[in-house]
Amino acid sequence: MAGPGVSVDRGAGWRAGPAWWMVSVLFLVYVLAWLDRLVISMLVEPIKLTMHLSDFQMSVVLGPAFAICYAIFGLPLGWAADRFSRRAVICFGTLVWALATIACGFAGSFETLLLARIFVGIGEAALLPSAYSLISDGFPRDKLTLATSTFQMAGKVGSATAFGLGGLAIAFATGLGAVHLPVHGLAQPWQLVMIMVGLPGFAIALLVFTFADPGRHEIPGAAAADRRIGAAFAFMRANWQLIACMMVAFSALAICGYSMTAWVPTFIGRRFHWAPQVYGPALSVMNLVAAASLVVNGRIVDLLFGRGMRDAHLRYYSWMIAALSPVIVYMFFAADPWIFLACYGVVQFITVPFMVYLSSVVALLAPNAVRGQMIAIFMFVFTILGMGAGPSIVGALTDFLFHDEAMIGQSLAVVVIGAALIAFVALRLSLRHLAPAIAAREVPADG
């Protein structure tokens, strides 16, 4: 992977305060994204009742309706992140998904709900390519994994917020009963919840202009060469073996994570008969534990990398999957809800951080002018397979193979165990390519 475009080390002139404020704002925006994306998974049963939908139809709303557009629009928005103001791209996306989340609350049919979720996906596609590009330019290499891990914590804090505040919002809206709203008319409690969680986006979108763009850092002369048309695909062709292994591994991990995110609330309700007000706070705690693990593991990876383990990002990840494999196998067969929740929290140690390790490897290897596009290309693949196919496979197994909604746990077990095994194998295969690639990229910087 040798070539032009090695990032300049910003250790000497780096200012921690502005850099971490940028991460803080991006963190808050990402929390909102997860809240708006995830709260609908707690509303499956009332939505099904209102619109007379099946599990498979709801799986389409939870998965492909969001994921396909999230993946497709991530490509042009990743290109935009490499060429235009990254703060403006994020602001635009936040406004779009906030409005679309509110539109979910106005939906009165399967088709209108599907359309609103499509636009949630389009808006959220703007965030990650621009955010990871900003962070990779705003931090020196030896602090990069910690910074990206901190930012990625927002996914689990957002999940915790969705399950915790979402449970409270559901209880509050249910207590209000059916409410007449201007323009909307008679609104069901689940519709009120969607409107409430969408509204803060209009204010949060403007926060991205409270930090300065760190600039695009590259060695002199490299940026112009790397901005040619097709540079991202040229980079991929030159490194296809590593990229193929990473595509398979991260897509499989996305299948694990998004399948559980979409269906675990429903699984808990059906298996253990817990209401959202009960399981919401419990899931919040598990998500916060998983969030804390991101920072700890990110720091460990930075230390291993700093001590010369150039494939630390993917090697350490494979170690975690191997160590947690007994929990992965047992989780959905646990008879006690608290044991299941403990297992769920632990398994998230491997399903949560894949974007951290992906973005860190891309920042270490890819020229600056194609990083946003590379993140978007990866997102396209693992979003289609993970967020799009994962929840749908679970719903299809339940409806068409097991023919019993009570078997949702078995469907989840098949998907999660199988995908985790594939991810482990692909990560181990990637190790033969990663360290030589990073070493090759470092030669020009040291010489």
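Residues numbered from 1 in each chain as written. Predicted model: local features only at pLDDT ≥ 70, side-chain atom pairs only at ≥ 80, totals over all residues. Heavy atoms only, no water.

Re the overall build of the chain
Across its full length, the chain carries 19 helices and two strands. Computed over the C-alpha atoms, the radius of gyration of the chain is 21 Å, within 12% of the 22 Å expected from 2.2 N^0.38 for a compact globule of 447 residues. Reported as C-alpha extents along the three principal axes, the dimensions of the chain are approximately 70 × 50 × 35 Å. The proportion of buried residues among the 447 residues of the chain is 60%. Of the roughly 16,200 Å² of accessible surface on the chain, a fraction of 73% belongs to carbon and sulfur atoms. (Helix = DSSP H or I, 4+ residues; strand = E, 2+ residues; numbered from the N terminus. Rg over C-alpha atoms; globule rule 2.2 N^0.38 Å. Buried < 20%, exposed > 50% of the residue type's maximum accessible area, 1.4 Å probe, protein only. Areas by Shrake-Rupley, 256 points an atom, 1.4 Å probe, with all protein chains shown as cover.)

Considering the packing of aromatic side chains
Counted by the stated rule, this structure contains 17 aromatic pairs. Arranged with centres 5.4 Å apart and planes meeting at 80°, the rings of Phe267 and Phe332 form a pair that is edge-to-face. On the criterion of sequence distance, the pair formed by Phe267 in helix α13 (residues 240-272) and Phe332 in the loop between α15 (312-330) and α16 (337-351) is long-range, its members being 65 residues apart. The same class applies to Phe267 and to Phe332, which are both buried. Within the aromatic cluster, the residues linked to one another by ring pairs are Tyr30, Trp34, Tyr132, Phe151 and Tyr258. The ring of Trp34 is capped by Arg37, whose NZ or CZ atom sits 4.4 Å from the centre of that ring. (Phe/Tyr/Trp six-rings, centres within 6.5 Å; stacked < 30°, edge-to-face > 60°. Lys NZ or Arg CZ within 6 Å of the ring centre and 35° of its normal.)

Some points on helix α2 (residues 44-51)
Restricting attention to buried positions, one finds in α2 the residues Val44, Ile47, Lys48 and Met51. Along α2, the residues classed as buried sweep out an arc of 100° about the axis, all on the same side. Elements that come into contact with the buried residues of α2 comprise α3 (55-62), α6 (110-124), α9 (189-198) and α13. Backbone geometry just downstream of α2 places His52 in the positive-phi region, at approximately 60°. (Arc of directions from axis to C-beta. Contact = heavy atoms within 4.5 Å.)

A closer look at the nonpolar core
If you look at the biggest cluster of nonpolar residues, it comprises 157 residues, and the most contacted ones within it are Phe250, Ile268, Tyr317, Phe332, Phe340 and Met374. The leading source of residues in this core is α13, at 19 residues. (Core = buried A, V, L, I, M, F, W, Y, C linked by side-chain atoms within 4.5 Å.)

A few points about the environment of Tyr132
For Tyr132, the location among the structural elements is in helix α7 (residues 127-138). A C-alpha to C-alpha distance of 24 Å links Tyr132 and Arg117, two positions 15 residues apart in sequence. Apart from the residues lying within four places of it in its own chain, the contact partners of Tyr132 are Thr148, Phe151, Gln152, Met355, Val356 and Ser359. Within the structure, Tyr132 has its side chain in polar contact with the side chain of Gln152 (distance 2.4 Å). (Polar contact = N/O pair within 3.5 Å; in protein donor to acceptor, adjacent residues only side chain to side chain.)

Remarks on empty space enclosed by the protein
One pass over the full model with this rule turns up four cavities of 30 Å³ or more. Trp34, Tyr258, Thr351, Val352 and Phe354 are, among the 20 residues lining the largest cavity, the residues nearest its centre. Looking at the lining of the largest cavity, the elements with two or more residues in it are α1 (16-38), α8 (144-176), α13, α16 and α17 (354-365). With five residues, the top contributor of residues to the lining of the largest cavity is α13. Partitioned by chemical class, the residues of the lining of the largest cavity number twelve nonpolar, six polar and two charged. (1 Å grid on protein atoms, 1.4 Å probe; cavity = no way out; pocket = protein on both sides within 12 Å on 5 of 7 lines; lining within 4 Å. Points joined across faces, edges and corners; volume = space filled by probe spheres on them. Nonpolar A, V, L, I, M, F, W, Y, C, P; charged D, E, K, R; others polar.)

Some remarks on unusual backbone geometry
The phi angle at His52 is positive, at roughly 60°, despite the residue not being glycine. Relative to the elements of secondary structure, His52 occurs in the loop between α2 and α3. One non-glycine residue, His403, lies in the positive phi region at around 55°. With respect to the secondary-structure elements, His403 resides in the loop between α18 (368-402) and α19 (408-446). We classify His403 as exposed; its relative accessible area is 61%.

Digging into the pattern of salt bridges
Taken as a whole, this structure holds nine salt bridges when the rule is applied. One salt bridge connects Glu45 with Arg270, and the closest N-O pair in it is separated by 3.5 Å. Note that Glu45 is positioned in helix α2 and Arg270 in helix α13, a separation of 225 residues in sequence. The closest approach of N and O atoms between Asp55 and Arg270, which form a salt bridge, is 2.8 Å. (Salt bridge = Lys/Arg side-chain N within 4 Å of Asp/Glu carboxyl O.)

Some details on the side chain of Arg270
Among the residues examined, Arg270 registers a relative accessible area of 17% and is labelled buried. Discounting chain neighbours no more than four positions away, the residues touching Arg270 are Glu45, Lys48, Asp55, Glu405 and Ile408.

A look at the packing of α13 against α17
Viewed as axis vectors pointing N to C, α13 and α17 meet at an angle of 160°, and their least axial separation amounts to 10 Å. As summarised for this structure, α13 and α17 are arranged roughly antiparallel, according to the angle between their axes. Viewed along their axes, α13 and α17 form a crossing whose handedness is left-handed. Each of Leu242, Met246, Phe250, Leu253, Ala254 and Tyr258 in α13 lies in contact with α17, whose residues at this interface are Phe354, Tyr357, Leu358, Val361 and Leu365. Of the residues belonging to the contact of α13 with α17, the class tally is eleven nonpolar, no polar and no charged. (Axes fitted to C-alpha atoms, helices over the stretch in contact; angles between N-to-C directions. Parallel < 35°, antiparallel > 145°, perpendicular 65-115°, else oblique. Left-handed = near helix turned anticlockwise from the far one by under 90°.)

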